[in-house]
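For reference, the chains in residue letters:
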Amino acid sequence: VMRVGDQIREAILLHEMMDREVAEQRVGELLELVGIQRFRGSQYPHQYSGGMRQRAMIAMALACAPSLLFADEPTTALDVMIQAQVLELLKEIQKTLGLAIVLVTHDLGVVAEVCDSVVVMYGGKVAEYGTAEMIYNQPQHPYTQRLLASFPDLNAPSDTLATIPGTPPRLTDLPSGCRFHPRCEVRIEQCENISPAVLETTQGHFAACHLLHGEEA
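Residues numbered from 1 in each chain as written. Predicted model: local features only at pLDDT ≥ 70, side-chain atom pairs only at ≥ 80, totals over all residues. Heavy atoms only, no water.

**Student:** Which residues make up the packing of aromatic side chains, and what values go with them?
**Tutor:** Applying the stated rule across the entire model yields 4 aromatic pairs. Measuring from centroid to centroid gives 4.7 Å for Tyr129 and Phe206, while their planes differ by 10°, and the two rings are stacked. One end of the pair, Tyr129, is in strand β4 (residues 125-131); the other, Phe206, is in strand β6 (residues 205-207), and 77 residues separate them in sequence. Taking relative accessible area as the criterion, Phe206 reaches 21% and is therefore assigned partly exposed. These aromatic residues form a ring-pair network of at least three members: Tyr122, Tyr143 and Phe180. (Phe/Tyr/Trp six-rings, centres within 6.5 Å; stacked < 30°, edge-to-face > 60°. Helix = DSSP H or I, 4+ residues; strand = E, 2+ residues; numbered from the N terminus. Buried < 20%, exposed > 50% of the residue type's maximum accessible area, 1.4 Å probe, protein only.)

**Student:** Tell me about the pairing of strand β1 (residues 68-72), and please be specific about residues and values.
**Tutor:** The alternating pattern of β1 places Leu69 and Ala71 on a buried face and Leu68, Phe70 and Asp72 on a face that is not buried. In this sheet, strand β2 (residues 100-104) lies alongside β1 in parallel orientation, the contact comprising 5 bridges. Among the inter-strand pairings, Leu68 is bridged to a residue of β2, identified as Ala100. A crossover links β1 with its parallel partner β2, the connecting element being helix α4 (residues 80-97), and its sense is right-handed. (Pairing = 2+ DSSP bridges. Right-handed = clockwise from strand over helix to strand, strands pointing away.)

**Student:** Could you give an account of the packing of helix α1 (residues 4-15) against helix α2 (residues 20-33), with specific residues and numbers?
**Tutor:** Helix-helix packing is characterised by the crossing angle of the two axes and by the distance between the axes. Relative orientation of the contacting elements α1 and α2 amounts to 125°, with a least axis distance of 9 Å. Taken together, the axes of α1 and α2 are oblique relative to one another. Handedness of the α1/α2 crossing: right-handed. Taken together, the residues of α2 that come into contact with α1 (itself represented by Gly5, Ile8, Arg9, Ile12 and Leu13) are Arg20, Ala23, Glu24, Arg26, Val27, Leu30 and Leu31. Class assignment for the residues of the contact of α1 with α2 results in 7 nonpolar, 1 polar and 4 charged. (Axes fitted to C-alpha atoms, helices over the stretch in contact; angles between N-to-C directions. Parallel < 35°, antiparallel > 145°, perpendicular 65-115°, else oblique. Left-handed = near helix turned anticlockwise from the far one by under 90°. Contact = heavy atoms within 4.5 Å. Nonpolar A, V, L, I, M, F, W, Y, C, P; charged D, E, K, R; others polar.)

**Student:** Which residues make up helix α7 (residues 142-149), and what values go with them?
**Tutor:** Within the sequence span of α7, burial applies to Pro142, Tyr143, Thr144 and Leu148. Buried-residue contacts for α7 involve α5 (108-114), β3 (117-122), β4 and α6 (132-137).

**Student:** Before we move on, can you summarise the pattern of salt bridges with the specific residues and values?
**Tutor:** A full pass over the atoms with the stated rule returns 5 salt bridges. Between Arg9 and Glu24 there is a salt bridge; the shortest N-O distance is 2.4 Å. Separated by 15 residues along the polypeptide, Arg9 in helix α1 and Glu24 in helix α2 bring together distant segments of the chain. Notably, a salt bridge pairs Glu113 with Lys91, separated by 3.2 Å at the nearest N-O pair. (Salt bridge = Lys/Arg side-chain N within 4 Å of Asp/Glu carboxyl O.)

Nothing here speaks to function; it is geometry throughout.
This is the structure:
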C-alpha cells in the first residue's frame, strides 16, 4: 500500500537530513542506479516483477550511502536469468560505489560467481575461510569437502551425487565438541568433546578441524 519511491525516500528523510526535493532527486538516482526508470518510483510493489522488486530493495539498502552492504539470500525465489542479472548488478554497484558486500547464501554457484573471500559456516560456527580459489580448489574442512562433492560437476557427470549423512543440528540442541562431528566420516575422539580452534593451515587459508591440527585417530 506504499509507493516504491516513498519507501526509499522515507529512509533518506529520516537519516540524511535532506529536504523533500533533494530526497526526491536522490530516489530517482538510486532507481536508475539499479536499472529502474525514475517514473516507476510512483508505482506500487505489486506493479513490479520479482526481479524489479529485488532491485528496488537494493536501492532502498543503498539509500543512506553505506560502506557495507549486507545481502542475505538476494537471489532466493528468482529464476536463473533474473538471478544472473541481480548478481551482475551487485558487482557493478560494488565497483561503482566502492563499497564492501557481505553475501549470505547457500548457493555454491552464486559464491563462485561473485565472491572474493569465502567463509563456510556450520552450526553457527566458522568451519573454514580463505579466498574463493582456495575454498573451491583446496577445501580443508571435511564439511566443505562434502559440500563441494555434492555439487554436480558438468565436466565429470555421475549417476549419483555425494551426500552428507544425517541432518543439520538444531540451534537449540547443538552437539558438543566440533558441531559437524555427528555427520563427519573422518571424526576422531577429540571431535566429540573438544571444539577445534580456527587455525591457519596454509597462508591465508584457515580451518577448524582437529585432523588439520596434527591430531591422530
